[in-house]
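Survey of secondary and tertiary structure
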Amino acid sequence: MAFSNADAAAGFDEIADLLEVRGGHAFRARTYRNAARVLGGLGREVGDMLATGEPLEALPGIGADLAGKIAEIAATGTCELLAQLRREIDPGVRELLRLPAVGPRRAQLLYRELGVKSLEQLRMAAEDGRVRKLRGFSIALERRLLQAVKASLKRDRRHPLATVLPVAQALADELGRVPGVRRVLAAGSVRRMRETVGDLDLLVEAPPGTGVMEHFALSPQVTEVLARGSTRSSVLLAGGLQVDLRVVRPASFGSASLYFTGSKAHNIALRRLALDAGLKLNEYGLDRGKRRIAGATEESVYAALGLAYIEPELREDRGEIEAARSGRLPSLVRLADLRGDLHVRTRGSDGTQTLREMALAARRHGLAYVAIADRSKRPGMASGLDAERLARQIDEIDALGETLDGVTLLKGVEVDILEDGSLDMPDAILRRLDLVVGSVHQGFALSRAKQTARLQRAMDHPYFSILGHATGRLIGKRDPIDLDIEAVIHHAKARGSFIELDAQPLRLDIDDRACRIAKQEGVLVSIASDAHGPHDFDFLRLGIGQARRGWLEPADILNTRPIEEVRALLARTMGRFAPSSKEKTPWTASSSSAIRTPA
DNA sequence: GCCGTTTTCGGCCCGACTGTTTTCAGTCG
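Everything in this summary refers to the structure shown in the same document. (Residues numbered from 1 in each chain as written. Chains lettered and ligands numbered in written order. Predicted model: local features only at pLDDT ≥ 70, side-chain atom pairs only at ≥ 80, totals over all residues. Heavy atoms only, no water.)

1. Some words on helix H23 (residues 540-549)
It helps to recall that an α-helix has 3.6 residues per turn; residues three or four apart then point in one direction. To keep things clear, this is the line we draw: Remark: exposure states derive from per-residue accessible area (1.4 Å probe, protein chains only) relative to the maximum for the residue type, with buried under 20%, exposed over 50%, and partly exposed in between. By definition, any uninterrupted DSSP run of H or I lasting at least four residues is a helix, any uninterrupted run of E lasting at least two residues is a strand, and each is numbered from the N terminus. Note on contacts: a residue pair qualifies if any of its non-hydrogen atoms lie within 4.5 Å across the two residues.
For H23, a buried count of nine out of ten residues is recorded, marking the element as mostly surrounded by other parts of the structure. When H23 is considered as a whole, its buried residues turn out to be Leu 540, Leu 542, Gly 543, Ile 544, Gly 545, Gln 546, Ala 547, Arg 548 and Arg 549. Buried positions along H23 lie against helix H10 (161-176), strand S11 (340-344), strand S17 (498-502), helix H22 (512-521) and strand S18 (525-528). One or two steps after H23, the chain reaches Trp 551, where phi turns positive at roughly 70 degrees.

2. Description of the sheet that holds strand S4 (residues 199-205)
Quick reminder of the rule: A pair of strands is treated as paired once DSSP finds two or more bridges between them. Axis lines are fitted to C-alpha atoms, over the contacting stretch for helices. Their N-to-C directions set the angle, which ranges from 0 to 180 degrees.
The five strands lie next to each other as S2-S4-S7-S6-S5, forming an open sheet whose pairing is mixed. Only two strands of the sheet have a single neighbouring strand rather than two, namely strand S2 (183-186) and strand S5 (222-228). Neighbouring strand axes in the sheet, compared pairwise and without regard to direction, differ in orientation by 20 degrees on average. Direction of pairing for strand S6 (residues 232-237) relative to strand S7 (residues 242-248): antiparallel, over a ladder of five bridges. Bridging across to S7, Val 235 finds its partner in Val 243.

3. Concerning the packing of helix H1 (residues 5-22) against helix H7 (residues 104-114)
Two quantities define a packed helix pair, namely the angle between the axes and the distance from one axis to the other. The cut-off we apply is this: Here the angle decides the label: under 35 degrees means roughly parallel, over 145 means roughly antiparallel, 65 to 115 means roughly perpendicular, and every other value means oblique. For this classification, Asp, Glu, Lys and Arg are treated as charged, while Ala, Val, Leu, Ile, Met, Phe, Trp, Tyr, Cys and Pro are nonpolar and the rest, including Gly, are polar.
Between H1 and H7, the least distance of the axes is 8 Å, while the angle of their chain directions is 70 degrees. With respect to H7, the axis of H1 lies roughly perpendicular. Where H1 approaches H7, its residues Glu 20, Val 21 and Arg 22 are matched on the opposing element by Pro 104, Ala 107, Gln 108 and Arg 112. Taken together, the residues that form the contact of H1 with H7 break down as three nonpolar, one polar and three charged.

4. A short note on the sheet that holds strand S8 (residues 280-282)
What the three strands build is an open sheet, ordered S8-S9-S10; its pairing is antiparallel. In this open sheet, the two edge strands, each paired with only one partner strand, are S8 and strand S10 (291-294). Strand-to-strand, the axes of this sheet are offset by a mean angle of 35 degrees, without reference to chain direction. Where S8 meets strand S9 (residues 285-288), three bridges bridge the pair, whose relative direction is antiparallel. By the bridge assignment, Asn 282 is partnered in S9 with Gly 285.

5. Considerations on the environment of Leu 146
On the secondary structure map, Leu 146 appears in helix H9 (residues 139-152). Taking the relative accessible area as the measure of exposure, Leu 146 reaches 16% and is therefore buried. For the pair Leu 146 and Ala 125, spaced 21 residues apart in sequence, the C-alpha separation works out to 9.2 Å. Discounting residues that sit within four places of it in the chain, Leu 146 has contacts with Arg 123, Ala 126 and Glu 127.

So, in structure tokens, the structure goes:
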């Protein structure tokens, strides 16, 4: 049975929820919550640690007891404590905790007093007027819960980063025009470039009494004001996005930026560090006793805590604080470091522009080279290249001249990795290219072992440069394929292949965690726009965000390198062990059989 | 349940907002 960190993390999160609802175990619950977070953010599999006998107690927040429970979950899929809690409290009660204004206390009351253990039962109880009679409840709260139940049934909790960024920009611009406002910062997970965003957090620097709260609440996009105070307000936008606004004075802008940027885990770690040093950190500043020693800038707070400045994308309590203390923080890659893009499309498949137009669009985005990698055609697909059309495109690029008005074109293709790991394009044509991107576009449901082997076999192909969007996920729409990503990246290292970070807004594939594994393994990452049109090069910004979250530096990226170096690196992936005419590898046979000749 | 330059017990991040148990618990970020 496949066991992953996520399984143990999910178990611990459920234990924490149920302990909170049961009551009287606040700190114990927090321990499980913390352990779940540690497991979720770990750059390696605890299953491997168990297999090699490495002590799990070495992990932060994991002691002997939790180590035992992880082993128990790995072996049996659950643990005795969880089973016992599930017998005591219906697991459905957890649903209630997801509602705004419902925490452990209220969930417990609803469950114990009214027997409510699902959203549907809460709806009925609220409509019957039974909820308002509970201690600490009211008619107003009952009404609010009823609304929340109805809304939660049709609303996604998290929004893709790409859809929130423009909203954040528009709101920030609007608030920036309010008289008295000096600065607006989109903080929170948007600033940390998390792939999805729960709430949008805006921080405004303004003296008291500027009327910015009134302006905010009356903004045309706002459909509901959830809370409104003098320094803090929350509203709901038409699209269902919650926006929290905080107003602070200049002297506190740095500490408030830290607080509002998060992550929560990072903040807790910083505050703990402050406590250890006899200091107190909150959103107003860093204090020693009654004396303020830092707060106007984030740098001042970090410095006073003995830390180098930590970039927002790193603030997840995944080792960045230790790195900042010992001067080992990475110098993160920036958008301007990218010199090329190794995966763009044209009208040759499902793109909208010609070769020349895409090349020039790339140049306008400051890129010096661009690889054309149209999709190969598989049965039932309307557009896509077969061998014949790919051959024509190669001739076309040659005729156009590889260097076109200061931008170099590379010849590539994005082939399908078929279920047996073979590629759907004959070697005879692949060998004429500068690079081959191989990706999974069907067969998403294979087992973990089969998917892993499939991708590893694809990388064994003599013409295979870059593994495209490895997990195939579409954020919020399609789950990633079940995959041992560590094993795949390890194999890429052994084969000399590269891994793509496809920067399409819903892909962002590989994700930040896998980026970090690639860095540890020493596998270069290709940050690719997968552009279908001239404006899609803007997606690179999203890819850079994920790469930074994965601790990547310019040297960890394939396409930060000059064209000569990239050519040389790619050349090594092309025709690595091309078979002689006598010894046919299975791949020759397999890819031949996979060729779909046009009717 | 974890953890340790105030250590093996007694802490565990900190403050705003809401509603009402009118002095603070519950929730949230």
